[in-house]
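# Structural description and commentary
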Amino acid sequence: MDATLTQKVVLVTGASSGIGRAVCRELAHQGASVILLARNEQGMRETMSAMPEDQCLPLAADLHDLASLPAVLEEARNWRGHIDGCVYCAGVGGRARLRDTDPAFMAECMLVNCFAFVELIRLLVKRKERARPLRVAAVSSFAALGRDKYFVAYAASKAALEAAAKTLAVELLPRNVTVNLIRPAFVNTPMISGAADPLGDFAARLEESGYQPMGLIEPEEVACMAAYLMGPGAAHISGSTFSINAGAAC
Ligand SMILES: NC(=O)c1ccc[n+]([C@@H]2O[C@H](COP(=O)([O-])OP(=O)(O)OC[C@H]3O[C@@H](n4cnc5c(N)ncnc54)[C@H](OP(=O)(O)O)[C@@H]3O)[C@@H](O)[C@H]2O)c1
């Protein structure tokens, strides 16, 4: 084990799958205690199967239910007595033409991808000792740049997430909180390859189109960036966006 993050306690949302799963495992590998948050308990158990048992606390929570978050965070904080970082990987999305983008889908994307992030950080900061640092990293997406068709709901929610994170980076600097963004192009996770895409096999199309000349990104690469942002090398970074672009034009 690499002991870079020993003594650190990091909350990871989206811990049951894809990028969040890889982040949990990488943080644990670097010595952190990890609080896993997601709805799917079986998915979290699978994530933990590759982590030391005493370094994991799984918490089932639905980010739709903002009112439930104070109690969830209370339990999270009681585990080790403090929380040093949060990697916000939870997300919903998918491609849809404008005609199929109804208000419910827009609301779902905004709620999970942006509003719940702001609420979680609000609660973490509210209960934090002033002198104790808090590191926040949020996973955005290339879609936030608004260049890809059929992503209107997802893109808008990720652009909102980016604006919120940058604003919080400025506002929370005096509170000893850093906030940064990771903005990956397409990553090899169930979000891309698992669900049936009504507009065709997206992963195959991506390969053919040469959109990402270096191919799909593996979730473990995003996890290394997240772990870096939780670690000693990133103590003086806040309000930054780290693109993992696989050669796609930024
Ligand atoms: N894959 C890509 O190409 C790509 C590219 C750029 C950015 N991203 C972003 O990376 C992040 C992770 O995506 P992924 O590719 O790893 O997708 P994924 O495998 O589908 O994972 C999504 C995660 O979000 C959680 N989640 C969704 N709705 C939730 C809710 N209401 N409450 C709690 N948790 C919820 C899911 O957990 P439960 O279902 O268990 O609740 C799951 O753990 C997302 O923010 C995504 O937008 C992905």
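As the structure is a prediction and not an experimental result, all values here were calculated from the model.

## Structural notes on the layout of surface pockets
Each pocket or cavity is described by its volume, and for the largest pocket that value is around 1,000 Å³. Lining the largest pocket we find 44 residues, and of these Gly91, Val92, Gly93, Thr189 and Met191 sit closest to its centre. Taken together, the elements giving at least two residues each to the lining of the largest pocket come down to helix H1 (18–29), strand S2 (33–38), helix H4 (103–126), helix H5 (152–172) and helix H6 (190–193). Within the lining of the largest pocket, the residues separate by chemical class into 25 nonpolar, 13 polar and 6 charged. Taken as a whole, the second largest pocket encloses approximately 280 Å³ of empty space. For the second largest pocket, the lining is made up of 13 residues, of which Arg95, Lys149, Tyr150, Phe202 and Arg205 are closest to its centre. Its residues placed into classes, the lining of the second largest pocket shows 7 nonpolar, 1 polar and 5 charged.

## A short note on the sheet that holds strand S7 (residues 241–244)
Read across the open sheet, the 7 strands follow the order S3-S2-S1-S4-S5-S6-S7; overall the sheet is parallel. The open sheet has two edge strands, strand S3 (56–60) and S7, and neither has a second partner. Between one strand axis and the next, the sheet turns through 15° on average, direction left out of account. Pairing of strand S5 (residues 134–139) with strand S6 (residues 177–184) involves 6 bridges; the strand directions are parallel. From the neighbouring strand, Val136 faces S6, where its bridge partner is Val179. Sheet strands touched by helix H3 (residues 69–80): strand S1 (9–13), S2 and S3. Its angle to S3, the strand with the most contacts, is close to 170°. Against the sheet, H5 contacts S5, S6 and S7, and its axis sits at roughly 155° relative to S6.

## Examining the pairing of S1
With respect to burial, S1 is a largely interior element, 5 of its 5 residues being buried. As paired elements, S1 and S2 share 5 bridges and run parallel to each other. Counterpart to Leu11 in the pairing with S2 is Ile35. Crossover handedness for the path S1 to H1 to S2: right-handed. Bridge count between S1 and strand S4 (residues 85–88): 4 bridges; the pairing is parallel. From the neighbouring strand, Val10 faces S4, where its bridge partner is Gly85.

## Some words on the site of the ligand
Not every one of the 31 residues close to the ligand is listed here, only the nearest: Ser17, Arg39, Tyr154, Val187 and Thr189. Leu63 is positioned with one of its backbone polar atoms (N or O) 2.8 Å from a nitrogen atom of the ligand. Ala90 places a polar main-chain atom, nitrogen or oxygen, 3.3 Å from an oxygen atom of the ligand. Protein coverage of the free-state accessible area of the ligand, which is 880 Å², stands at 92%.

## Remarks on empty space enclosed by the protein
The rolling of a water-molecule-sized probe over the atoms marks out the regions of remaining empty space. Tallying each qualifying case throughout the model produces 1 cavity of 30 Å³ or more. Roughly 40 Å³ of volume is contained in the largest cavity. Lining the largest cavity are Leu206, Glu207, Gln212, Gly215 and Leu216. Considering only residue class, the lining of the largest cavity consists of 2 nonpolar, 2 polar and 1 charged.

## Some remarks on the nonpolar core
Counting residues in hydrophobic clusters, the biggest one holds 39 residues, and the most contacted among them are Val12, Val23, Leu27, Val34, Leu36 and Val87. Mapped by element, the contributors of at least two residues to this core are S1, H1, S2, helix H2 (41–48), S5 and helix H8 (219–230). The greatest single-element share of this core, amounting to 7 residues, is contributed by H8. When sequence neighbours within four positions are dropped, the list of residues in contact with Leu36 reads Val12, Ala15, Cys24, Met44, Thr47, Met48, Cys56, Leu57, Pro58 and Leu59. In this structure, Cys86, Ala90, Leu134 and Val177 belong to the second largest nonpolar core, which totals 34 residues.

## Things to note about the environment of Met230
Following the sequence through the fold, Met230 ends up in helix H8. With a relative accessible area of 4%, Met230 lands in the buried category. On a C-alpha basis, the gap between Met230 and Ser33 in space is 12 Å, while along the polypeptide they are 197 residues apart.

Calculation criteria
Residues numbered from 1 in each chain as written. Predicted model: local features only at pLDDT ≥ 70, side-chain atom pairs only at ≥ 80, totals over all residues. Heavy atoms only, no water. 1 Å grid on protein atoms, 1.4 Å probe; cavity = no way out; pocket = protein on both sides within 12 Å on 5 of 7 lines; lining within 4 Å. Points joined across faces, edges and corners; volume = space filled by probe spheres on them. Helix = DSSP H or I, 4+ residues; strand = E, 2+ residues; numbered from the N terminus. Nonpolar A, V, L, I, M, F, W, Y, C, P; charged D, E, K, R; others polar. Pairing = 2+ DSSP bridges. Axes fitted to C-alpha atoms, helices over the stretch in contact; angles between N-to-C directions. Contact = heavy atoms within 4.5 Å. Buried < 20%, exposed > 50% of the residue type's maximum accessible area, 1.4 Å probe, protein only. Right-handed = clockwise from strand over helix to strand, strands pointing away. Near = heavy atom within 4 Å. Polar contact = N/O pair within 3.5 Å; in protein donor to acceptor, adjacent residues only side chain to side chain. Areas by Shrake-Rupley, 256 points an atom, 1.4 Å probe, with all protein chains shown as cover. Core = buried A, V, L, I, M, F, W, Y, C linked by side-chain atoms within 4.5 Å.

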